Each structure stands twice: as structure tokens, then as C-alpha cells.
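# Coordinates in review
What follows is the residue order along each chain.
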Amino acid sequence: MPPSDDERIAWVASQVLPHEAALRTWLRRFRDIDIDDIVQDSYEAMITADIAGIRNPRAYLFTVARSVVLRHYRRARIISITTLTDFDARSIMDEGADAERTFGARQELARLYTFIEELPQRCRHILLHRKIDGLSQREVAQRLGVSESVVEKQLARALRALDALFGETGAERRPADGGPVRAARRRDAGKS
């Protein structure tokens, strides 16, 4: 017999609410979101979920919140590389999480890795040093032996291409000429 509404609410109150502070802290890393809305939408999803199959309520809450944030970004058509790297949910995935959701997240992450690998070499190195390694623009310029202006322009190029790929439903927006990565390569080839 499925749990009653009162049982679901009691379960959320006892198993999920204690993790709200940690969730709010985790959500602060994302830009352009209303944390209160994300938390509320996450709770709404938790109350309607099949709670019998949830083994780790904290991990499930974070997974739900991650999906809500991603849905928000897709609707808003904005996304940053920092946000995408924060979506590496391996540390918060519930071991019993829905296989389809896990597969979808892995596909999206693989798409990001493929995108990064297809960038022109200098553009890729700048993107990784700035957004993954956290180096300053000056440090990247010194490490690669280029000007800060080059770092700024290459990073902007990579982020524009990333926005074109993930800003809407990437595959539908990708032009027939090979997409933003190939277009960036063609531009770079002319400037070398």
C-alpha cells in the first residue's frame, strides 16, 4: 500500500528537511537562480516521489535539486562553464537513483567533455586553466606565453560556443556547418 500524504509529509520532515541548510549552501554556487524557488520545487518533487525506493534521502534531495536547477537554466537559456562543471553529480548521486536520470546526466557530461576536446588547443587550455584550475587571467597568460587579451578573447570564444551548444537544446541549435567548435577552429586557423 502506497504511503498516505501524511506519511509522505512526515517522511520529508524527518528525512529531508534536516538537509536543507546543506542544500542551500550547495545551491549558492550557482548563478542566476532563486534558491528559495529551487528548494520549494525540490520539496514538491520529493513529496510526490516514490519514497519507498529512496535509500539515501540527502543524495536524492541533491539530485532532485540539481535537476530543478538544470531545468531552470534550460528555460532561461543561460549557462556558464562553472555551472556545468558543478553538475558533476558523482558525489551526490543516490546509489539507487533512477537509471534513466543517471544515464541522462552521464550523457550530458560526456557531451561537455566531447565539446571541450573539440575546442582548438589554445582555446581548450585557456578554458581549462581558467574554469577548472581556477587560475587568474594573468596566470594563464604567463603559463601559455600569450597576452592577457588573447586569454580573454579565447575564453569568450569558448564560452560562446558552449552557450551555443547548451543554451537551448544543443543538437537543434547546432548549425549544419559543423557547429560552434568547428567555427571557432576556422576563426583560429585564420589568426595563427
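Residues numbered from 1 in each chain as written. Predicted model: local features only at pLDDT ≥ 70, side-chain atom pairs only at ≥ 80, totals over all residues. Heavy atoms only, no water.

## Details of the nonpolar core
Core analysis: the biggest nonpolar cluster contains 23 residues, and Leu-23, Leu-27 and Met-46 have the highest contact counts within it. Elements represented by at least two residues in this core include exactly helix 1 (5–16), helix 2 (20–27), helix 3 (35–48) and helix 4 (57–76). Residue contacts for Met-46: discarding those within four places in its chain leaves Trp-11, Val-12, Val-16, Ile-51, Pro-57, Tyr-60, Leu-61 and Val-64. Counting residues in hydrophobic clusters, the runner-up holds 18 residues, among them Cys-123, Leu-155, Ala-161 and Phe-166. (Core = buried A, V, L, I, M, F, W, Y, C linked by side-chain atoms within 4.5 Å. Buried < 20%, exposed > 50% of the residue type's maximum accessible area, 1.4 Å probe, protein only. Helix = DSSP H or I, 4+ residues; strand = E, 2+ residues; numbered from the N terminus. Contact = heavy atoms within 4.5 Å.)

## Description of the packing of aromatic side chains
All told, the structure shown has two aromatic pairs when counted by the stated rule. Note on Trp-26 and Phe-30: the rings are 5.1 Å apart at their centroids and 80° apart in plane angle, and the pair reads as edge-to-face. You'll find Trp-26 and Phe-30 in the same group, each marked buried. Grouping aromatic residues by their ring pairs yields a cluster made of Trp-26, Phe-30 and Phe-62. (Phe/Tyr/Trp six-rings, centres within 6.5 Å; stacked < 30°, edge-to-face > 60°.)

## Observations concerning helix 2
When we look at burial in helix 2, the residues that qualify are Leu-23, Trp-26 and Leu-27. All buried residues of helix 2 fall inside an arc of 100° around its axis, so they share one side. (Arc of directions from axis to C-beta.)

## Things to note about the pattern of salt bridges
Applying the stated rule across the entire model yields three salt bridges. The closest approach of N and O atoms between Arg-24 and Glu-20, which form a salt bridge, is 2.7 Å. Taken as a pair, Arg-24 and Glu-20 lie in helix 2 at a separation of four residues, close to a single helical turn. Arg-24 sits in the partly exposed class, given a relative accessible area of 23%. We note a salt bridge from Arg-138 to Glu-148, for which the minimum N-O separation is 3.4 Å. One end of the pair, Arg-138, is in helix 8 (residues 137–144); the other, Glu-148, is in helix 9 (residues 148–166), and 10 residues separate them in sequence. For Arg-138, a relative accessible area of 51% gives the class exposed. Under the relative-accessibility criterion, Glu-148 is labelled partly exposed at 32%. By sharing partners, the salt bridges in this structure join Glu-20, Arg-24 and Asp-36 into a single network. (Salt bridge = Lys/Arg side-chain N within 4 Å of Asp/Glu carboxyl O.)

## Things to note about the side chain of Arg-8
Position of Arg-8 relative to the elements: it lies in helix 1. Sequence-distant contacts of Arg-8, that is, excluding residues within four places in its chain, are made with Pro-3, Ile-47, Thr-48, Ala-49, Asp-50 and Ile-51.

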